[in-house]
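# Reading the structure
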Protein chains: 2
Amino acid sequence: MALIKRNTWQREAVRKALASSPSFVSAQQLHAKLESAGSAIGLATVYRALASLAEMNEVDCLNSPEGEQLYRSCASGHHHHHLICRSCGKAVELEADTVEKWTAAVAKQHGFTEVSHVVDMFGTCAECSASSE
Amino acid sequence: MALIKRNTWQREAVRKALASSPSFVSAQQLHAKLESAGSAIGLATVYRALASLAEMNEVDCLNSPEGEQLYRSCASGHHHHHLICRSCGKAVELEADTVEKWTAAVAKQHGFTEVSHVVDMFGTCAECSASSE
DNA sequence: TTCTTATTGAGAACTCATCTCAATATAGGC
DNA sequence: GCCTATATTGAGATGAGTTCTCAATAAGAA
Ligand SMILES: [Mn+2]
Ligand SMILES: [Mn+2]
Ligand SMILES: [Zn+2]
Ligand SMILES: [Zn+2]
């Protein structure tokens, strides 16, 4: 149990690498990026840093259709969802009260409690569809 | 490339096992269930049957928060989403035009194409929350 | 029945992720 | 600044879920 949090250059490197990109990336992509930039950070540490940053809501985390977890640095403190480009990972943050209300109403109507929801959209962004022609 | 589809007792066993349950199950759960019922079906075959049935929209498939794929037999031919019990897998089928329209509008607004969406809700059903007290 | 070939199943292989544990480095107390 | 307790690291092992390999089997057309 980590009672005290220490600051390490590894955690900071992960934070910076994430902040410098508007795209969702996997832990392995991020590790490769850091390594190719000369960093000697370990893969396990990248996984730990991402999990920790996600825990304190500094980064968003979602599951790709392929089943791997993708991360992106998050400024907004508000609850939101994403529209993500399948090819470059670029994402748009979305807020939708109507969807939030719908989920709450549906859960209540069917007697479900402790309900969480997943609302993600995956497509091809304008730039990627332009460059693929 | 499977040009011709053959009917095997294995595929039929998977179909029946799915049809007999209102809950989402994993491939391994389904395999265990079949084995304990006396069937000698192989695990790889269960995986293949589920993928094939999902491909032809005979079963619904979704990714659990834990990262495994869950399957459930699907009668309705319409596009829909699910409210799933985390503890027993029981699911309610949901249709929501407002959500469908919102996703389409948002995708268009941001210039994304080929957009698919994931809308799942996970909670505790009334029965499960009653029996856990 | 015969023959072609789609399908099966045991186990290997693969991917993503977490765990182990000895070595290291941080931060607080002096 | 130095010491010390311990949080953190990283290489490799391990685990979970899924797919692949390939020889054996069996479905279905002729
Ligand atoms: Mn929401
Ligand atoms: Mn929908
Ligand atoms: Zn793109
Ligand atoms: Zn339940």
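The rules we used
- Residues numbered from 1 in each chain as written.
- Chains lettered and ligands numbered in written order.
- Predicted model: local features only at pLDDT ≥ 70, side-chain atom pairs only at ≥ 80, totals over all residues.
- Heavy atoms only, no water.
- Domains from an automatic or database assignment.
- Contact = heavy atoms within 4.5 Å.
- Buried area = accessible area lost by both parts, 1.4 Å probe.
- Pairing = 2+ DSSP bridges.
- Helix = DSSP H or I, 4+ residues; strand = E, 2+ residues; numbered from the N terminus.
- Near = heavy atom within 4 Å.
- Nonpolar A, V, L, I, M, F, W, Y, C, P; charged D, E, K, R; others polar.
- Axes fitted to C-alpha atoms, helices over the stretch in contact; angles between N-to-C directions.
- Parallel < 35°, antiparallel > 145°, perpendicular 65-115°, else oblique.

## Notes on the domain arrangement of chain A
All names here are of chain A. Segmentation of chain A into domains returns domain 1 (1-74) and domain 2 (78-133). For domain 1 and domain 2, the distance between their C-alpha centroids amounts to 22 Å. Counting residues at the interface gives 10 residues for domain 1, matched by 10 residues for domain 2. On the domain 1 side of the interface with domain 2, the three residues burying the most area are F24, L62 and R72, jointly 48% of the side's total.

## Considering the sheet that holds strand β2 (residues 59-63) of chain B
Residues and elements named next belong to chain B. Strand order in this open sheet of 3 strands is β1-β3-β2, and the pairing throughout is antiparallel. Looking at strand neighbours, the two that pair on one side only are β1 (25-26) and β2, the edges of this open sheet. Relative to strand β3 (residues 69-73), β1 is paired through 2 bridges, and the arrangement is antiparallel. Within β3, the position partnered with V25 by the bridge is Y71.

## A few points about the protein's contact with DNA strand D
Residues in close proximity to DNA strand D total 19 residues, the closest being A:I4, A:T45, A:R48, B:N7 and B:Q69. For DNA strand D, the fraction of atoms within 4 Å of the protein that belong to sugar or phosphate moieties is 65%. Of all the secondary structure elements, the ones that give two or more residues to the surface near DNA strand D are α3 (43-55) of chain A together with α3 (43-55) of chain B. With 3 residues, α3(B) is the single largest residue contributor to the surface near DNA strand D. Its residues assigned to classes, the surface near DNA strand D comprises 6 nonpolar, 7 polar and 6 charged.

## Points about the packing of helix α1 (residues 9-19) of chain B against helix α2 (residues 27-36) of chain B
All names here are of chain B. At a closest axis distance of 11 Å, the pairing of α1 and α2 adopts a crossing angle of 105°. Here α1 is positioned roughly perpendicular relative to α2, judged by the angle of their axes. Contact residues: α1 offers A13, V14, A17 and L18, while α2 offers L30, K33 and L34. For the contact of α1 with α2, a count of residues per class yields 6 nonpolar, no polar and 1 charged.

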